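# Notes for the structure review
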Amino acid sequence: MGASAAYHLASRGVKDLILLEREQFFGQGTTGRCAGGVRYQFGTEVNIRLSLESLPMLERFKEEIGQEIDYRRCGYLFVLTDEKDVLAFQRNVKLQHGLGVETEWLGRDEICKRLSMMNFEDALAGTFHKKDGLVDPNSVVMGYISAAQKLGIKALNNVEVTGIRLSGEKVEAVETTQGLIETRTVLNAAGPWSGQIGQMAGVHIPISPIRRQMFTTTPLKEIPRDFPFVIDFAQSLYFHRDGEGLLIGMSNQNENPGFDSSIDEEFEVINLEAALARMPLIEKAGRAAHWAGLYEMTPDAHPIYGATHVHGFYLCTGFSGHGFMHGPVSGKLMSEFILDGKFSTVDVSMLDLARFEEGRLIKEYNVV
Ligand SMILES: Cc1cc2nc3c(=O)[nH]c(=O)nc-3n(C[C@H](O)[C@H](O)[C@H](O)COP(=O)(O)OP(=O)(O)OC[C@H]3O[C@@H](n4cnc5c(N)ncnc54)[C@H](O)[C@@H]3O)c2cc1C
């Protein structure tokens, strides 16, 4: 979010902008730990509209930003084994069709035919959208940062924000481990850590960091090149091709909020057993790598965009586990809001911070 916002502000002529990252390298936070999935298949109009703007920006990335990002249109195939999910997805697909997203509805036989190396005899239905796919997160972050630097902005790593100095209810400066930066405008794009930055400015942001983990396998020659991003929705279990092997993850529904991002070995075994039951051939593979990251969950699984009661303190955060794909459009939206005072590309004004206090929550069903 920070890299994209920096680029979009710079492309609108803003030069006195500093992107701050506390880690040694950019993109090592949640973005560097994500699965790289990009999809149009969502259950709310605003999320579908965000994808309709953001994914074409990724398609044009090489030509506009000058960086190859390895966009693979393998499609997302959601498999549904629970009657209540079938009803919800029927509604979602109707909404997607109404907005021009041509998601296919699949029956069990078609799912079993397309995923012949998997066990989905219990499937009730499924959905597939061929333009969903995978993108390399690091290339997107580095592409935006290099392009923004060429436009004249500064991007500093190894600089941690430690405080926000206010004058009354206005931003005055940012305190960092490398000194004070005087400014009237701060964009909080600190992902799962945004709540901490909010506290520094006296702004409560309802974000819970939730650990999510995954592993990759050694090569499996049986996995075809066009293998889709498969999601066993009821178990939040997913598989996609990663190099010559697979990336496999599963969301632990009993995970408690917290900043621990070490691997939960016990849950990894549960994940592996669930994966083996769906795809026995992974028994032949070894584990190549594993890691955990943090989802940045809001109470309604939608992001938070816009202003706060502190003048000059803006938010672009809370993407609830599916924000990488919306990074391009979100940076653009924040450049519009900061410079023009309104969102033009997509109307996300309903996704403001005030909605939590005012009870205007918009629930997204399609969270993995
Ligand atoms: C396991 C996993 C799988 C995922 N899979 C997908 C997927 O397939 N598709 C998808 O679209 N999304 C996915 N996501 C979600 C996605 O990764 C996030 O929504 C998105 O990356 C959030 O980006 P961000 O810029 O808000 O946060 P981040 O990438 O975390 O960036 C915030 C940055 O702020 C820095 N920071 C924090 N505090 C400070 C401070 N005090 N001072 C200076 N810097 C600070 C951090 O170091 C970090 O680099 C996944 C997430 C996880 C954990």
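To keep things clear, this report deals only with the structure shown in the data block. The shown structure was predicted, so the numbers you read here are calculated from the model rather than taken from an experiment.

In this section: the sheet that holds strand β18 (residues 313–317). Read from one edge of the open sheet, 3 strands run β11-β18-β17, paired in mixed fashion. The sheet is open, and its two borders are formed by β11 (186–188) and β17 (304–306), each paired with just one other strand. Taken over all neighbouring pairs, the strand axes of this sheet differ in orientation by 30 degrees on average, direction set aside. Direction of pairing for β11 relative to β18: parallel, over a ladder of 3 bridges. Note on β18: the bridge partner recorded for Leu-187 is Tyr-314.

Quick look at the pattern of salt bridges now. Applying the stated rule across the entire model yields 26 salt bridges. The salt bridge partner of Arg-211 is Glu-255, with a shortest N-O separation of 3.3 Å. With Arg-211 in strand β12 (residues 208–217) and Glu-255 in the loop between β15 (245–250) and α8 (265–278), this pair connects stretches of sequence that are 44 residues apart. Side by side, Arg-211 and Glu-255 carry an identical accessibility label, which is buried. Salt bridges sharing common partners tie together Glu-104, Glu-110, Lys-113 and Arg-114.

Within the fold, Thr-103 resides in the loop between α4 (83–98) and β4 (104–106). If we skip the residues at most four places from it in the chain, Thr-103 touches Gln-41, Val-93, Gln-96, His-97, Thr-127, Phe-128 and His-129.

Here we take up the packing of aromatic side chains. With the rule as written, the count across this model stands at 12 aromatic pairs. Summarising the aromatic geometry, the rings of Tyr-305 and Phe-319 are spaced 5.7 Å apart at their centres and angled 85 degrees between planes, so their arrangement reads as edge-to-face. Taken together, the residues span a long stretch of sequence, with Tyr-305 in strand β17 and Phe-319 in the loop between β18 and α9 (327–340) at a distance of 14 residues. Relative accessible area serves as the criterion here: at 1%, Tyr-305 is assigned to the buried category. A ring pair is formed by Tyr-314 and Phe-337, whose centres lie 5.9 Å apart and whose planes are at 85 degrees; its orientation type is edge-to-face. Taken as a pair, Tyr-314 in strand β18 and Phe-337 in helix α9 lie far apart in primary sequence, 23 residues in all. We classify Tyr-314 as buried; its relative accessible area is 15%.

Right, let's get into the sheet that holds strand β5 (residues 125–129). The strand order β4-β5-β3-β13-β14-β15-β12-β16 describes an open sheet built from 8 strands, whose pairing is mixed. If you trace the sheet from one side to the other, it starts and ends with β4 and β16 (287–297), each paired once. Averaged over neighbouring strand pairs, the angle between their axes works out to 20 degrees when direction is ignored. For β12 and β15, the ladder comprises 4 bridges, and the chain directions are antiparallel. Bridge assignment links Gln-213 to a residue of β15, and that residue is Met-250. Lying over the sheet, α8 contacts β12, β13 (229–232), β14 (237–242), β15 and β16, oriented at roughly 120 degrees with respect to β15.

What counts, and at which threshold
Residues numbered from 1 in each chain as written. Predicted model: local features only at pLDDT ≥ 70, side-chain atom pairs only at ≥ 80, totals over all residues. Heavy atoms only, no water. Pairing = 2+ DSSP bridges. Helix = DSSP H or I, 4+ residues; strand = E, 2+ residues; numbered from the N terminus. Axes fitted to C-alpha atoms, helices over the stretch in contact; angles between N-to-C directions. Salt bridge = Lys/Arg side-chain N within 4 Å of Asp/Glu carboxyl O. Buried < 20%, exposed > 50% of the residue type's maximum accessible area, 1.4 Å probe, protein only. Contact = heavy atoms within 4.5 Å. Phe/Tyr/Trp six-rings, centres within 6.5 Å; stacked < 30°, edge-to-face > 60°.

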